[in-house]
Amino acid sequence: MSETGRTGQIYNEIQTPCYIIYREELDRGIEELKQALAQYWPRAIVGYSFKTNALPWAMIQMKQAGFYAEVVSEDEYDLAMKLGFEHVIYNGPVKGKRSFDDALKRGYIINLDAKRELDWLEAYAGTDIAVGLRVNFDVESECPGETSGGQEGSRFGFSYETGEFAEALERLKRMNIRLAGLHMHCGSKTRSINIYRALARKACELKKEFDLNPDYIDLGGGYFGGMPNKPHFADYVKAIREELLPAYSPEDTTLIMEPGTSIITPPIEYVVSVVDVKKTYAGQFAVTDGSRIDVDPLHRKSSYFYEVQSERTSSPGQSPAAFSEQEQTAPQERKTIAKQTVCGFTCMEDDRIFEMKDQPELRVGDRIAFKKSGGYTMCLTPLFIRYFPRVYVEEAGTYRIVRDAWGPDEYMSGSHLV
Ligand SMILES: Cc1ncc(COP(=O)(O)O)c(C=O)c1O
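Chemist: Pulling in residues and values, what's your account of the packing of helix 9 (residues 193-210) against helix 10 (residues 233-244)?
Modeler: The interhelical angle for the contact between helix 9 and helix 10, taken along N-to-C directions, is 25°, at an axis separation of 8 Å. In terms of their interaxial angle, helix 9 and helix 10 are classed as roughly parallel. Read as a crossing pair, helix 9 and helix 10 show a hand that is right-handed. Residues Ile193, Tyr196, Arg197, Ala200, Arg201, Ala203 and Cys204 of helix 9 form the contact with helix 10, whose own contacting residues are Asp235, Tyr236, Ala239, Ile240, Glu242, Glu243 and Leu244. Of the residues assigned to the contact of helix 9 with helix 10, the class counts are nine nonpolar, no polar and five charged.

Structure follows, in structure tokens:
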């Protein structure tokens with residue numbers, strides 16, 4: 001059995017294209033986060049970010065782990081309800097009014113992100129509710145080159161610099177509605193600890209400047225997870241603690257984290273099979289039954305953690321022998337090819353997943369497993385040419401389907417034909 005727990009016979013039977021969730025690795029990430037919080041800020045809530053990948057099976061694991069559902073639309077809100085979540089963090093700039101009212105009624109955490117939500121709150125003036133405010137401030141100047149918004153800034157939350165944050169606080173005060181917390185999430189390109197230090201420092205400054213006493217500080221998502229040479233959850237929470245301590249106490253203030261990719265990306269693999277090898281005047285192409293739209297839907301990636309599994313080198317009942325970029329253990333009989341382009345099934349010329357340079361020749365029947373593929377893949381896959389691939393969960397060496405591949409029936413669901 002390899003480190004990912006494969007047992008050849010069963011692994012060989014999986015049908016590609018597919019995603020595989022490695023259960024042990026998923027649990028390991030969840031545990032690591034819980035331990036980091038227990039060590040550095042035990043009064044904590046984790047809201048799993050639905051948008052990152054809301055596969056129903058995975059969401060049930062998050063619920064069982066005690067995580068809240070972090071949702072940013074009425075659809076996500078309704079999905080959380082359908083999945084039986086009893087705790088929700090409702091974020092985002094375009095919440096639905098029905099779900100907003102429902103969340104207030106149920107006492108869920110709501111972080112306001114739009115003025116119309118303040119308008120909606122007028123109906124609750126003077127009642128015993130509390131809401132959080134998403135803060136917009138210039139993180140880029142504190143962490144140059146790091147934020148997703150860059151010089152253009154972020155469009156989320158209420159701006160500190162223009163006074164919209166102060167106005168929102170003022171409106172809450174006028175309505176006699178308590179400020180429950182500060183939502184500080186900032187998307188970054190770097191996922192660096194610096195970002196969280198800057199966010200936590202700002203939360204301290206805001207407390208002082210506006211004389212606030214929030215129940216929680218929500219640092220949002222955007223962490224690394226399961227990457228050996230990158231920060232771990234403990235590194236982030238330790239740094240956040242250091243920055244928050246001057247103004248907040250771990251006994252009285254709840255720390256909220258909203259991880260998505262750091263939890264769900266590491267344990268998921270996307271596996272495709274080579275169905276044809278073409279040699280043209282311009283190069284060599286390995287055509288697969290998968291697609292770039294399933295593994296890099298935003299066409300941003302230039303490299304992947306991947307493993308090639310050569311069927312020809314394994315006999316039935318054995319694990320397929322693997323050669324990878326790192327290991328360089330190519331099967332002896334294969335010649336090395338200067339450049340092979342691994343392509344997808346769609347009829348788009350740009351469905352080229354990646355180029356393999358100076359690697360053993362790919363052959364029909366080989367499989368390629370793209371590791372760490374769980375975040376912003378399944379949820380961004382379009383229904384283009386082929387429908388959603390099946391999803392397996394690997395547990396103790398066995399593979400079971402937790403989502404069937406979609407076909408025309410699922411595609412047509414909800415359609416009215418006349
Ligand atoms: C408010 C909020 N929380 C959490 C997340 C999750 O981020 P990630 O998947 O990078 O951890 C996002 C992502 O955009 C977000 O906008």
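Resuming the write-up.
Chemist: Can you lay out helix 8 (residues 164-174) for me, pointing to particular residues and giving the numbers?
Modeler: Along helix 8, the residues that are buried comprise Phe165, Ala168, Leu169, Arg171 and Leu172. Buried residues along helix 8 cover an arc of 160° about the axis, so they all sit on one side. Projecting away from the buried face of helix 8 at angles above 90 degrees are the exposed residues Lys173 and Arg174. Where helix 8 is buried, its residues contact strand 5 (109-112), helix 6 (115-121), strand 6 (130-136), strand 7 (158-159), strand 8 (178-183) and helix 9. Asparagine 176 lies just past helix 8 and shows a positive phi near 60°.

Chemist: Quick rundown of the nonpolar core? Include the residues and the values.
Modeler: Soluble globular proteins: nonpolar side chains tend toward being buried together. Residues Met62, Leu112, Leu121, Leu172, Leu182, Leu244 and Phe370 are the most contacted members of the largest nonpolar core, which totals 98 residues. It is helix 9 that provides the largest number of residues to this core, a total of eight residues. Taken domain by domain, the makeup of this core includes at least three residues from each of domain 1 (8-17 + 268-373 + 389-412) and domain 2 (23-264). With nine residues, the next largest nonpolar core counts Ile14, Cys18, Tyr392 and Tyr399 among its residues.

Chemist: I'd like a rundown of the domain arrangement of the protein, residues and numbers included.
Modeler: Examined at the domain level, the protein breaks down into domain 1 (8-17 + 268-373 + 389-412) and domain 2 (23-264). Taking only C-alpha atoms into account, the centre of domain 1 sits 36 Å from that of domain 2. Taken together, the 10 residues of domain 1 in the interface contact eight residues of domain 2. Between domain 1 and domain 2 the total buried area reaches about 710 Å² when both faces are included, carbon and sulfur atoms providing 64% of it. Three residues, Ile268, Lys372 and Val402, lead the burial of domain 1 against domain 2; their summed loss comes to 46% of the area buried on that side. Our count for the contact surface shared by domain 1 and domain 2 stands at one salt bridge. The residue glutamate 395 makes a salt bridge to arginine 23 at a minimum N-O spacing of 3.4 Å. Viewed at the interface, domain 2 and domain 1 are joined by three residue pairs in polar contact (both at pLDDT 80 or more). Listing elements by their share of the side of domain 1 that touches domain 2, those giving two or more residues are strand 18 (390-395) and strand 19 (398-403). A per-element tally of the side of domain 1 that touches domain 2 places strand 18 first, with four residues. Looking at the side of domain 1 that touches domain 2 residue by residue, the classes come out as five nonpolar, no polar and five charged.

The rules behind these values
- Residues numbered from 1 in each chain as written.
- Predicted model: local features only at pLDDT ≥ 70, side-chain atom pairs only at ≥ 80, totals over all residues.
- Heavy atoms only, no water.
- Axes fitted to C-alpha atoms, helices over the stretch in contact; angles between N-to-C directions.
- Helix = DSSP H or I, 4+ residues; strand = E, 2+ residues; numbered from the N terminus.
- Parallel < 35°, antiparallel > 145°, perpendicular 65-115°, else oblique.
- Left-handed = near helix turned anticlockwise from the far one by under 90°.
- Contact = heavy atoms within 4.5 Å.
- Nonpolar A, V, L, I, M, F, W, Y, C, P; charged D, E, K, R; others polar.
- Buried < 20%, exposed > 50% of the residue type's maximum accessible area, 1.4 Å probe, protein only.
- Arc of directions from axis to C-beta.
- Core = buried A, V, L, I, M, F, W, Y, C linked by side-chain atoms within 4.5 Å.
- Domains from an automatic or database assignment.
- Buried area = accessible area lost by both parts, 1.4 Å probe.
- Salt bridge = Lys/Arg side-chain N within 4 Å of Asp/Glu carboxyl O.
- Polar contact = N/O pair within 3.5 Å; in protein donor to acceptor, adjacent residues only side chain to side chain.

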